[in-house]
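Residue-level structural notes
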Amino acid sequence: MTKLPTWADLVLVPLISLVLAAAISALVILGIGGDPVEAVKVMVDGALGSPYGWGYTLYYTTSFIFTGLGVTVAYHAGQFNIGGEGQAQLGGLGVALVCLALPWPHWTLALPAAMVGAALFGAAWAAVPAWLQAKRGSHIVITTIMFNYIAAALIVYLLVEVLRPAGQMDPATPRFPKGAALPGFHEIPGLSAIFTSKVPANVTFFVALLACVGVWLLLWRTRLGYEIRAFGKSNSAARYAGISPVKVILLSMLISGGLSGLMAINNVMGEAGRLLQNSAEGAGFIGIAVALMGRNHPLGVFLAAFLFGFLYQGGAEMGLWTSIPIELRLLVQGLVILFTGALDTMVRMMIAPFFRPRRKEAA
Amino acid sequence: MDYATLLQILASTLRLATPLLLACLAGLYSERSGIFDIGLEGKMLMAAMASGAIAAMTGSAWIGLAAGIGASLLLAALHGVASITFRGNQLISGVALNFVASGATVLIAQALFQQGGRTPPLTGAARFEPLALPFVDTLKGVPLFGPFYAQVLSGHSILVYLALAAVPASWWLLYRTRFGLRLRAVGENPESVDTAGVSVIRLRYTAVALTGVLCGVAGAYMATALQAGFGREMTAGRGYIALAALIFAKWRPWSALWATLLFGFLQALALRPDVIEGTLHMKIPVSFLDALPYILTVIVLAGFVGRAIPPRAGGEPYVKER
């Protein structure tokens, strides 16, 4: 098959996948009697038409950056981590335990501590599947799926039986102390001029941007990053070069789980202010779509996370104001994963004829 | 726990194990042919919606079943195209189709019935009714076995018996026919099958189609027999439990029966916390019972209780030599 130029592979393939997913979604909307143009208008207006909409879009973007980066780091090591959802939920547990442990005086102290808690718990939840893959060869995809379910059951148990304060009906932890509340965009000097009403987007957004840079540095500027990428490209070559498979699998999965866990500072600490059931709300799974769409590069992950942030906020508004159910988001998410992750060969074949080297014509 | 309670739990074990068994056998065909399928969940969900919707419209559970199988086959075909023809990543394709199914089922059900993504409750012939096995009355007097026969074995819908019959049928198909031999070979060593002049592509598509049919029956059972109609996310992770059971059973039909019965038993117990407390004299959290199938699967995967070795060519697209 014709090899595509790098820019086509990096930009054109995800874009065409997106167009295909959008086209099918539009057909589905038509099929169920909706108006796709109207739907897009409502989505754009709801997600990007006001500071309030932006506040939600960027809030979702923040979560998806973390889970997307998590999938990315594991992917470079050749590990497909579907466990982001469970790792994010455990990260939430870590955040809750840290926030409830002390009467935090100020968020600048609480945030670093909570980040450590989130990353540690997320990484711990990834550690068992990673160890089983590295040492016993148990397939990481299956074990991480199993760990998602075990995480959900564990969190339900802890919230109902252990962490719920006496006399409270709903299964959730007590509210975090005031000093552990992260400032939202409406409370940050400068930004508060734009975001006049309360929005869920908070300082975690900037942590997420730093995480993008950090992951880029890790993967392309450190020895460990080189080992991870080499191992992902060819197990046998990496082994021959003296790279330890056990070390690469374990470390890449721990970092991946830690990044997914870090998502919890955005939703648990930044937004809810307490740990609820199903706190990750599927963001762990969206990380898969974000990483695939973003071609497993931090910059791509940022852009794809923003796209899905738009899709999530816009989809919610669409569910509110039109007759199209909010579940359209899941359909788009599935289609994007399908085209970018499983049918990418088809997409490449579609555009390959345009890049075929021209035959020199005999004069 | 007295005998009557035990019989109740065993009867509900059989009811709850049926969709797991069907989905587990479904996965068995696909994975034995070398195509991983994480999308059992999505296929079941799609089939449940289609069968619930069509049964509600036509008033016939059988037409509903056919629609369910059709819907499941559609997703199976997509999975086949992505993973066989375009040699895409089978795991990603499965994950993607699960999301597509979660979204599409609610969208379609809402568009058809405007009942919040549900299908209307099914009554009469739109549901598979319980069947009484022969000689129930004659055997009633037999101690122990009589009540067991009447309450546990008899009184299920025809799909339950179909699922049970699928176990020996699958065993026979896999181990006693030429097709079965080739199917198992294509999952272990596709080159050898190709060398023998048998089409790898066609064998794998056939296996994926069989997976589609069985998932279709499983989904239709959920919506038209176990419950009366489709509700959003009604399969509730059963596709993944079936996947777990498949590993637990080490990709073998008879073991699949025992594994799904065990997981069905755990689900039945989770519905009766009072019985557990009465028997063990201690409180076992329901969450723990919910998580047990997954924990058991991880232990099996870890290779501590007999190693589970998947088909060797699983997950790898076949590229024919030229």
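From a predicted model like this one, the values you see are computed outputs, not experimental measurements.

Concerning the overall build of chain B
In terms of helices and strands, chain B carries 14 helices and zero strands. Taken over the C-alpha trace, chain B has a radius of gyration of 20 Å; the compact-globule value for 322 residues is 20 Å, and the two agree within 12%. Summarising its shape, the C-alpha atoms of chain B cover approximately 70 × 50 × 40 Å along the three principal directions. Going through the 322 residues of chain B one by one, you find that 52% of them count as buried. Taking the contacts inside chain B whose residues are at least 6 apart along the sequence as the reference set, 78% of them involve residues at least 24 apart.

Here's the deal with the interface of chain A and chain B
Often, the extent of an interface is quoted as the loss of accessible area on bringing the components together. Listed by partner, the interface residues are 37 residues for chain A and 40 residues for chain B. Residues of the side of chain A that touches chain B, tallied by class, amount to 25 nonpolar, seven polar and five charged.

Points about the UniProt feature "transmembrane region" (unreviewed entry) in chain B
With numbering matched to this structure, UniProt assigns "transmembrane region" (unreviewed entry) to residues 46-79, 91-113, 148-174, 207-231, 251-271 and 291-309 of chain B. A distance of 14 Å separates the end C-alpha atoms of residues 46-79 of chain B, which is 94% helix and 0% strand.

Comments concerning the nonpolar core
Of all hydrophobic cores here, the largest spans 226 residues; its most connected members are Phe308 of chain A together with Leu22, Cys24, Ala218 and Ala245 of chain B. For this core, the element with the highest residue contribution is helix α10 (residues 200-226) of chain B, accounting for 16 residues. Residues within four places of alanine 245 of chain B in sequence aside, it is in contact with Leu20, Cys24, Ala256, Ala259, Thr260 and Phe263 of chain B.

What about the packing of helix α6 (residues 140-163) of chain A against helix α11 (residues 238-248) of chain B?
Where α6 of chain A meets α11 of chain B, the axes come as close as 11 Å, and the angle between the chain directions of the two elements is 130 degrees. The angle between the axes of α6 of chain A and α11 of chain B places the two elements in the oblique class. Viewed along their axes, α6 of chain A and α11 of chain B form a crossing whose handedness is left-handed. For the pair α6 of chain A and α11 of chain B, contact is made by Ile142, Ile145, Met146 and Tyr149 of chain A and by Tyr240, Leu243, Ala244 and Ile247 of chain B, respectively.

Description of the packing of helix α1 (residues 6-31) of chain A against helix α14 (residues 344-351) of chain A
Residues and elements named next belong to chain A. The N-to-C vectors of α1 and α14 enclose an angle of 105 degrees; their axes lie 10 Å apart at closest approach. Of the possible angle classes, the one that applies to α1 and α14 is roughly perpendicular. Judged by residue contacts, Ala8, Leu12, Val13, Ile16 and Ser17 of α1 engage Asp344, Val347, Arg348, Met350 and Ile351 from α14. Looking at side-chain class alone, the contact of α1 with α14 contains seven nonpolar, one polar and two charged residues.

Criteria and thresholds
- Residues numbered from 1 in each chain as written.
- Chains lettered and ligands numbered in written order.
- Predicted model: local features only at pLDDT ≥ 70, side-chain atom pairs only at ≥ 80, totals over all residues.
- Helix = DSSP H or I, 4+ residues; strand = E, 2+ residues; numbered from the N terminus.
- Rg over C-alpha atoms; globule rule 2.2 N^0.38 Å.
- Buried ≥ 20, exposed ≤ 12 C-beta atoms within 10 Å, placed from the backbone.
- Contact = placed C-beta atoms within 7 Å.
- Nonpolar A, V, L, I, M, F, W, Y, C, P; charged D, E, K, R; others polar.
- UniProt positions renumbered as here; feature names shortened; annotations may be inferred.
- Core = buried A, V, L, I, M, F, W, Y, C linked by C-beta atoms within 7 Å.
- Axes fitted to C-alpha atoms, helices over the stretch in contact; angles between N-to-C directions.
- Parallel < 35°, antiparallel > 145°, perpendicular 65-115°, else oblique.
- Left-handed = near helix turned anticlockwise from the far one by under 90°.

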